[in-house]
Amino acid sequence: MADKRDYYEVLGVDRDADDAALKKAYRVLAKKYHPDINPGDKEAEAKFKEASEAYAVLSDPEKRRQYDQFGHAAFDGGGGATAGGFNFDFGDMGDIFGDMFGDLFGGGRSRRPNNGPQRGSNIRTSVRVTFEDAVFGCEKEIDLTLKDECETCHGTGAKPGTSPVTCSKCGGKGQIIYTQQSLFGMVRNVQTCPDCNGKGKVVKEKCASCYGTGYKSSRKKIQVTIPAGIDNGQSVRIRGKGEPGINGGERGDLLVEVVVSRHPIFQRQGFDLYSTSPISFAQAAIGGDIKIKTIDGEVLFNIKAGTQTDTKIRLKGKGVPTLRNKNVRGDHFVTLVVQVPERLTNEQKDLLIKFDELSGDTLNAGKEAGKSKEEKPKKKGFMDKLKDTLN
């Protein structure tokens, strides 16, 4: 046993791998090293047997428990092991070989009978809401076609007074089982019965009301509650409003995708809102209360004197409510943008010039008499740039 590789290493999985991971790993190796794919390749055949042995042990809960506890010694001298190698029943692996051959050669199979109660399929639709409706929630009504059990045949699809009969092809199982000889013994393939489509019963005399389907379609109006805080692309699930079940199975669900319209001012990231707000030069310079538009309406915010353009402020709790608790909201982040007037009256120009002079700047910088050519002109201040723009 000392020369045998660890089974988990052979399959390339972790020791806590579940059944699905084990099966997926084995399928990859089986397809790669199967003797039918690599005829005459002894190395590939050996790797295939090694992988099959590893999967046979690890896919069996009891054998896996013994292997995890004792390693290869758990099967040394008994319990399915021989001196010549590990013996296991390939019949227990018929499902996975059926999957593999189906993938390789285009066959199809079903793993379990489907003539029992089956849950109906989900239905998907969409509804458009405004930005504000998505933030605060709303009620919407949608109109769509839904199937209901036929009142005449009560979902059997058979003419009143008659009943569906057991399918003669599958014997009521809903499946056809095919067996074929392979290199490793008999491989079993299971396919849905083509005569009854897996139902196990066949309708001889169809109901005239539903034409044998067992269901009738009609237009219905469905109320949808849009929760506060829902985001674009998320869905609302309405249970029991999907397709009817089969053979007594429960109905599926209705999934309504919410499409949120754009807002001209606000942008959303998670549960936070973002926007920009213009302020005048005087407001930025002097400071004080300014009005800011939020999703709740206008609010007053006090800005400091000397506020610069692109200053970002945070309005706590003015964002979007969380889906779990509408009383808990995100924040609103506002970028302040100082606006420079494009047109000024002469009086306004004179006042700005006076302000510039009082600030120690001069609109005639660089033009003083007697200034040498080598002397660098004074750096333009705000009023210099403003005058250049106005002129």
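Keep in mind that this is a model prediction, so the values were computed, not measured.

What counts, and at which threshold
- Residues numbered from 1 in each chain as written.
- Predicted model: local features only at pLDDT ≥ 70, side-chain atom pairs only at ≥ 80, totals over all residues.
- Heavy atoms only, no water.
- Helix = DSSP H or I, 4+ residues; strand = E, 2+ residues; numbered from the N terminus.
- Buried < 20%, exposed > 50% of the residue type's maximum accessible area, 1.4 Å probe, protein only.
- Contact = heavy atoms within 4.5 Å.
- Areas by Shrake-Rupley, 256 points an atom, 1.4 Å probe, with all protein chains shown as cover.
- Polar contact = N/O pair within 3.5 Å; in protein donor to acceptor, adjacent residues only side chain to side chain.
- 1 Å grid on protein atoms, 1.4 Å probe; cavity = no way out; pocket = protein on both sides within 12 Å on 5 of 7 lines; lining within 4 Å.
- Points joined across faces, edges and corners; volume = space filled by probe spheres on them.
- Nonpolar A, V, L, I, M, F, W, Y, C, P; charged D, E, K, R; others polar.
- Pairing = 2+ DSSP bridges.
- Axes fitted to C-alpha atoms, helices over the stretch in contact; angles between N-to-C directions.
- Phe/Tyr/Trp six-rings, centres within 6.5 Å; stacked < 30°, edge-to-face > 60°.

**Student:** Before we move on, could you go through the overall build of the protein and cite the residues and values that matter?
**Tutor:** When helices and strands are counted, the protein shows nine helices and 17 strands. A buried classification covers 34% of the 391 residues belonging to the protein. Relative to all contacts within the protein whose residues are 6 or more apart in sequence, the contacts with residues 24 or more apart total 64%. For the protein, the accessible area works out to roughly 24,400 Å², and carbon and sulfur atoms hold 48% of it.

**Student:** Describe the side chain of Asn38, listing the residues and the values that go with them.
**Tutor:** Counting through the fold element by element, Asn38 comes out in the loop between helix H2 (19–33) and helix H3 (42–58). At a separation of 2.9 Å, a polar atom in the side chain of Asn38 contacts the main-chain carbonyl oxygen of Lys32.

**Student:** Any chance you could break down the layout of surface pockets for me, citing the residues and the numbers?
**Tutor:** Over the atoms a probe the size of a water molecule is rolled, and this reveals where empty space is left. Space inside the largest pocket adds up to approximately 740 Å³. Taken together, 30 residues form the lining of the largest pocket, with Gly155, Thr156, Lys199, Thr213 and Tyr215 sitting closest to its centre. Elements supplying a minimum of two residues to the lining of the largest pocket: strand E4 (138–149) and strand E8 (201–202). Each residue belonging to the lining of the largest pocket can be placed in one class, and the counts come to seven nonpolar, 14 polar and nine charged.

**Student:** Which residues make up the sheet that holds strand E17 (residues 332–339), and what values do they have?
**Tutor:** The mixed open sheet is built from four strands, whose spatial order is E12-E13-E17-E16. Pairing within the sheet leaves two strands with one partner each, and these edge strands are strand E12 (267–269) and strand E16 (311–315). Going across the sheet, the axis of each strand differs from the next one's by a mean of 30°, ignoring polarity. As defined by bridge partners, E16 adjoins E17 across five bridges and the pair is classed as antiparallel. Paired with Thr311 across the two strands is Leu336, which belongs to E17.

**Student:** An account of the packing of aromatic side chains is needed here, citing residue identities and associated values.
**Tutor:** Scanning the entire structure with this criterion turns up four aromatic pairs. For the ring pair Tyr26 and Tyr55, a centre distance of 4.8 Å and an interplane angle of 10° mean the geometry is stacked. Of the two residues, Tyr26 is situated in helix H2 and Tyr55 in helix H3; the sequence distance between them amounts to 29 residues. Both residues of the pair, Tyr26 and Tyr55, belong to the buried class. Through a chain of ring-to-ring contacts, the aromatic side chains of Tyr7, Tyr8 and Tyr67 assemble into a single cluster.

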